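Architecture at a glance
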Amino acid sequence: SVIQPTYQGGRLYYISDQSGFYNIYRAGFEPSILPMSADFGGSAPGWRLGQQGFCFMPGKDGRLVAQYSKDGSSVLLTANVADGNAP
């Protein structure tokens with residue numbers, strides 16, 4: 001499934017569970033831009049109106065802020081994903 005789509009810099013980003021975990025993807029780029037054995041996107045269900053588990057920092061440097069769940073805890077991370085590489 002695909003949830004929480006957003007555009008940044010003319011590119012489409014979204015969360016998908018195609019890996020078995022809800023990871024963040026950029027359209028036309030495989031694999032996930034932040035491949036992890038964890039679920040991004042916040043509490044279920046992820047398609048709830050207005051819910052967004054990731055966003056981009058102001059500016060054009062490609063910094064993304066995301067929340068993911070791991071072992072029952074929430075974790076906040078910042079990563080530079082402008083070139084599609086994981087931190």
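Below or above, wherever it landed, is the structure these notes cover.

**Description of the overall build of the chain**
- Along its length, the chain carries zero helices and seven strands.
- Ordered by position from the N terminus, the helices and strands of the chain form the series β-β-β-β-β-β-β.
- In the chain, 34% of the contacts between residues at least 6 apart in sequence involve partners at least 24 apart.
- Accessible area for the chain stands at about 5,200 Å²; split by element, carbon and sulfur atoms hold 55% of it.

**So, the pairing of strand β1 (residues 2-8)**
- As defined by bridge partners, β1 adjoins strand β2 (residues 11-16) across five bridges and the pair is classed as antiparallel. Paired with Q8 across the two strands is R11, which belongs to β2.
- Here β1 hands over to β2 after two residues, with G9 in that stretch at a positive phi of 60 degrees.

**Notes on the sheet that holds strand β3 (residues 23-26)**
- Read across the open sheet, the three strands follow the order β1-β2-β3; overall the sheet is antiparallel. Two strands bound the open sheet, and with one partner strand each, they are β1 and β3. Within this sheet the neighbouring strands show an average axis-to-axis angle of 25 degrees, counted without direction.

**Thoughts on the nonpolar core**
- Of all hydrophobic cores here, the largest spans 16 residues; its most connected members are I24, L34, F40, F54 and L64.
- At the level of secondary structure, the elements contributing two or more residues to this core comprise β2, β5 (54-56), β6 (63-70) and β7 (73-80).
- A per-element tally of this core places β6 first, with three residues.
- The residues contacting F54, other than those within four sequence positions of it, are Q4, T6, Y13, Y14, I15, I24, L64, V65 and A66.

**Comments concerning the packing of aromatic side chains**
- Throughout the structure, instances matching the rule amount to four aromatic pairs.
- For the ring pair Y14 and Y25, a centre distance of 5.8 Å and an interplane angle of 15 degrees mean the geometry is stacked. Linking Y14 in strand β2 with Y25 in strand β3, this pair joins segments that are 11 residues apart in sequence. Of the two residues examined, Y14 and Y25, each falls in the buried class.
- The interplanar angle of 80 degrees and the centroid separation of 6.5 Å between the aromatic rings of F54 and F56 together place this pair among those described as edge-to-face.
- By relative accessible area, which is 14% here, F56 ends up buried.
- Taken together, the aromatic side chains of Y13, F54 and F56 make up a single cluster linked through ring pairs.

About the criteria used
Residues numbered from 1 in each chain as written. Predicted model: local features only at pLDDT ≥ 70, side-chain atom pairs only at ≥ 80, totals over all residues. Heavy atoms only, no water. Helix = DSSP H or I, 4+ residues; strand = E, 2+ residues; numbered from the N terminus. Contact = heavy atoms within 4.5 Å. Areas by Shrake-Rupley, 256 points an atom, 1.4 Å probe, with all protein chains shown as cover. Pairing = 2+ DSSP bridges. Axes fitted to C-alpha atoms, helices over the stretch in contact; angles between N-to-C directions. Core = buried A, V, L, I, M, F, W, Y, C linked by side-chain atoms within 4.5 Å. Buried < 20%, exposed > 50% of the residue type's maximum accessible area, 1.4 Å probe, protein only. Phe/Tyr/Trp six-rings, centres within 6.5 Å; stacked < 30°, edge-to-face > 60°.

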